[in-house]
Amino acid sequence: QVQLVESGGGLVQAGGSLRLSCAASVRIFGTFAMGWFRQAPGKEREFVAAISWNGGSTNYADSVKGRFTISRDNAKNTYLQMNSLKPEDTAVYYCAATKRFLSALRTEYAYWGQGTQVTVSS
């Protein structure tokens with residue numbers, strides 16, 4: 001069983017930056033690929049970014065390419081650096097773990113955190 005805990009959310013003005021962190025309860029490097037998803041009010045949860053089990057490959061949604069960067073350390077932590085934030089980035093952000101390579105499908109992620117709120121004001 002893998003437990004995930006997100007942190008780093010908050011309120012930021014448009015154009016600002018935030019860095020989200022995801023801490024796992026066990027060592028995940030070398031075993032799980034990690035992803036970030038987000039869910040805005042009244043919308044479905046959508047894929048944001050994913051990183052491979054060894055950090056060597058990444059995948060991004062078109063809406064965040066060039067603005068967000070996913071990374072991980074070689075133990076338990078995954079990060080999402082978010083720059084040039086827009087009001088439409090406002091959502092609850094979730095990290096998740098999968099054994100599928102760089103998957104963008106939420107159904108392929110077995111473990112999920114509880115989410116952290118990101119609010120971008122205009």
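Structure's up top.
Residues numbered from 1 in each chain as written. Predicted model: local features only at pLDDT ≥ 70, side-chain atom pairs only at ≥ 80, totals over all residues. Heavy atoms only, no water.

Asker: Would you explain the overall build of the protein chain in this entry?
Answerer: Each helix and strand counted, the protein chain has zero helices and 11 strands in total. Order of helices (α) and strands (β) in the protein chain, N terminus to C terminus: β-β-β-β-β-β-β-β-β-β-β. Expected size for 122 residues packed as a compact globule is a radius of gyration near 14 Å; at 13 Å, the protein chain falls within 12% of this value. Structurally, the protein chain occupies a C-alpha span of about 40 × 25 × 25 Å along its principal axes. (Helix = DSSP H or I, 4+ residues; strand = E, 2+ residues; numbered from the N terminus. Rg over C-alpha atoms; globule rule 2.2 N^0.38 Å.)

Asker: Explain the pairing of strand β7 (residues 68-72) to me, please; I cannot follow it from the model alone.
Answerer: Each regular strand carries side chains that alternate between the two faces of the sheet. Of the two faces of β7, only one is covered, namely that formed by F68, I70 and R72; the face formed by T69 and S71 stays uncovered. Here β7 runs beside strand β8 (residues 77-82); their pairing, made up of five bridges, is antiparallel. Looking at the pairing, I70 lines up with L80 of β8. (Buried < 20%, exposed > 50% of the residue type's maximum accessible area, 1.4 Å probe, protein only. Pairing = 2+ DSSP bridges.)

Asker: Where do I start with the state of the cysteines in this structure?
Answerer: Each disulfide is one covalent bond, formed between the sulfur atoms of two cysteines. Applying the stated criterion across every chain, the model contains one disulfide. Two residues share a disulfide in this structure: C22 and C95, whose sulfurs sit 2.0 Å from each other. With the S-S dihedral at roughly 55°, the linkage between C22 and C95 falls on the right-handed side. Of the two residues, C22 sits in strand β3 (residues 18-24) while C95 sits in strand β9 (residues 91-98), which places them 73 residues apart along the sequence. Exposure class is identical for C22 and C95. Each is buried. (Disulfide = S-S within 2.5 Å.)

Asker: I keep staring at the pairing of strand β5 (residues 46-51) and nothing clicks. Help me out?
Answerer: With five of its six residues buried, β5 lies for the most part within the structure. Here strand β4 (residues 33-39) runs beside β5; their pairing, made up of five bridges, is antiparallel. By the bridge assignment for β5, W36 is matched with A49. In this antiparallel pair of consecutive strands, β4 and β5, the connection spans six residues, and G42 shows a positive phi of 75°. The pairing of β5 with strand β6 (residues 58-60) spans three bridges and is classified as antiparallel. Residue pairing for β6: A49 is matched across the bridge by Y60. Taking the residues that link successive antiparallel strands as the turn, the β5-β6 hairpin has six residues, and the phi of G55 there is positive, at about 80°.

Note that every value here comes from positions in space, so none of it alone points to a role or purpose.
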